[in-house]
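Residues per chain are reported as follows:
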Amino acid sequence: MKSKEIASSQKLPKNNTPKQSSKLISDVTSLIKLRVLIANVLPVFVGFWLALYFNDRSFAEHWGLFLLTMAGGTFIMAGALILNNWYDADIDKVMERTKGRPTVTGNFSLKAVLNAGIATSVIGFILLLFTTMEATLYGVIGWFTYVVLYSMWSKRRYTLNTVIGSVSGAVTPLIGWAALDTAIHPVPIVLFLLLFIWQIPHTFAIAIKKYDEYKAAGVAMLPVVHGIAITKRQMLIYITCLLPLPFLLYPLGIVFIVISSLLTIGWIVLCVRGFFIEDNWKWAHMNFLYSVNYLNILFFLMVILTSPLFGN
């Protein structure tokens, strides 16, 4: 008996390090909203890539500038998203999809999250200052719009919060382009308009999907305040506004114009179907998926059609 007791007492405690590390990674990715962050970093890359192409410059000669631009843009956006989590901790407790965030579970203190958001943002601004003042200015505009005008001011008060928030996502290609050359150019301006308009029906689709959660949290999303029917009509208007944009990017070629136009028409058809079906959640989910793929395909096309693969 004694030998068994001695052997038992000598057993090492279970190692929970892997589980703890996994939880920490999960909390960090939730805090920076990793998927949203990646979706916003992609246009920075596209903006930089197209600036190289239209200014006839080599990527090999500007890879250092590219790394600074991508790192600076990523840190600024991550900082803004962290601060959004910090400010929204109270309503995140109410919404089912956000209850697992570390600001709600208490895994990270709100003070620590606030400090992390500020520090990450400052690092991003410093990095962008090593590119150009214009790129930094667009970073400031995006950060201020998202953190102050959207998160702290309009999100809980006005249905225009979606329009205001769309500005922050739309400046991302301007950051990438302006790091290399001034963004006062037709192509980055059209990219800004594309992202600005695209975000509104994309966000409306999410708002319809999460209607009950936004209503419980008191967030002034359009379907909560004015109804789903009005939101559907607004979506159709904004999606239709995307139709002329590919023609303004005619330097990318006829292939881009045709494919992007067909994608927009397909989205319009999907949107119109919403007036004749009763399952709003399923319809909104289909619009959400379509919108994500729509934008990714367009950006992919822009890069491919201006790459050496097409003799460029």
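Further up the page is the structure itself.
These numbers come from a predicted model, not from an experiment. (Residues numbered from 1 in each chain as written. Predicted model: local features only at pLDDT ≥ 70, side-chain atom pairs only at ≥ 80, totals over all residues. Heavy atoms only, no water.)

Chemist: How would you explain the overall build of the protein if you had to name every residue and give the values?
Modeler: Each helix and strand counted, the protein has 17 helices and zero strands in total. If one aligns the C-alpha atoms of the protein with their principal axes, the spans along those axes are about 85 × 55 × 35 Å. Sequence-distant contacts, at least 24 apart, represent 74% of the contacts inside the protein between residues at least 6 apart. By element, 68% of the accessible surface of the protein is carried by carbon and sulfur atoms, the whole surface being about 15600 Å². Taken together, the 24 basic and 14 acidic charged side chains of the protein have centroids lying 10 Å from each other. (Helix = DSSP H or I, 4+ residues; strand = E, 2+ residues; numbered from the N terminus. Contact = heavy atoms within 4.5 Å. Areas by Shrake-Rupley, 256 points an atom, 1.4 Å probe, with all protein chains shown as cover. Lys, Arg positive; Asp, Glu negative; His and termini not counted. Charge placed at Lys NZ, Arg CZ, Asp CG, Glu CD.)

Chemist: Before we move on, can you summarise helix H7 (residues 110-129) with the specific residues and values?
Modeler: For H7, spanning 20 residues, the distance from its first C-alpha to its last is 29 Å, which sits close to the expected 28 Å at 1.5 Å a residue. Restricting attention to buried positions, one finds in H7 the residues Val 113, Gly 117, Thr 120, Ser 121, Gly 124, Phe 125 and Leu 128. Along H7, the residues classed as buried sweep out an arc of 135° about the axis, all on the same side. (Expected span 1.5 Å × (residues − 1). Buried < 20%, exposed > 50% of the residue type's maximum accessible area, 1.4 Å probe, protein only. Arc of directions from axis to C-beta.)

Chemist: Can you explain the state of the cysteines? Please cite residues and give values.
Modeler: Under the criterion given, the structure shown has zero disulfides. Free of any disulfide, Cys 241 has its nearest cysteine sulfur in Cys 271, 12 Å distant. Judged by relative accessible area, Cys 271 falls into the buried class, the value being 0%. (Disulfide = S-S within 2.5 Å.)

Chemist: Can you explain helix H9 (residues 161-170)? Please cite residues and give values.
Modeler: Within H9, seven of the 10 residues are buried, leaving the element largely enclosed by the surrounding structure. Buried residues of H9: Asn 161, Thr 162, Gly 165, Ser 166, Ser 168, Gly 169 and Ala 170, and no others. On its buried face, H9 sits against helix H3 (34-54), helix H8 (133-154), helix H10 (172-178) and helix H11 (186-209).

Chemist: Break down the pattern of salt bridges for me, with residues and values.
Modeler: Inspection of every chain in the model, using the stated rule, returns six salt bridges. Here Arg 156 and Asp 88 are joined by a salt bridge, their closest N and O atoms 3.2 Å apart. Highlighted residues: Arg 156 in the loop between H8 and H9 and Asp 88 in the loop between helix H4 (63-87) and helix H5 (89-92), separated in sequence by 68 residues. What makes Arg 156 partly exposed here is its relative accessible area of 27%. Owing to a relative accessible area of 1%, Asp 88 belongs among the buried residues under this scheme. Note that Lys 99 is salt-bridged to Glu 96, the shortest N-O span being 3.4 Å. You can call Glu 96 exposed: its relative accessible area is 54%. (Salt bridge = Lys/Arg side-chain N within 4 Å of Asp/Glu carboxyl O.)

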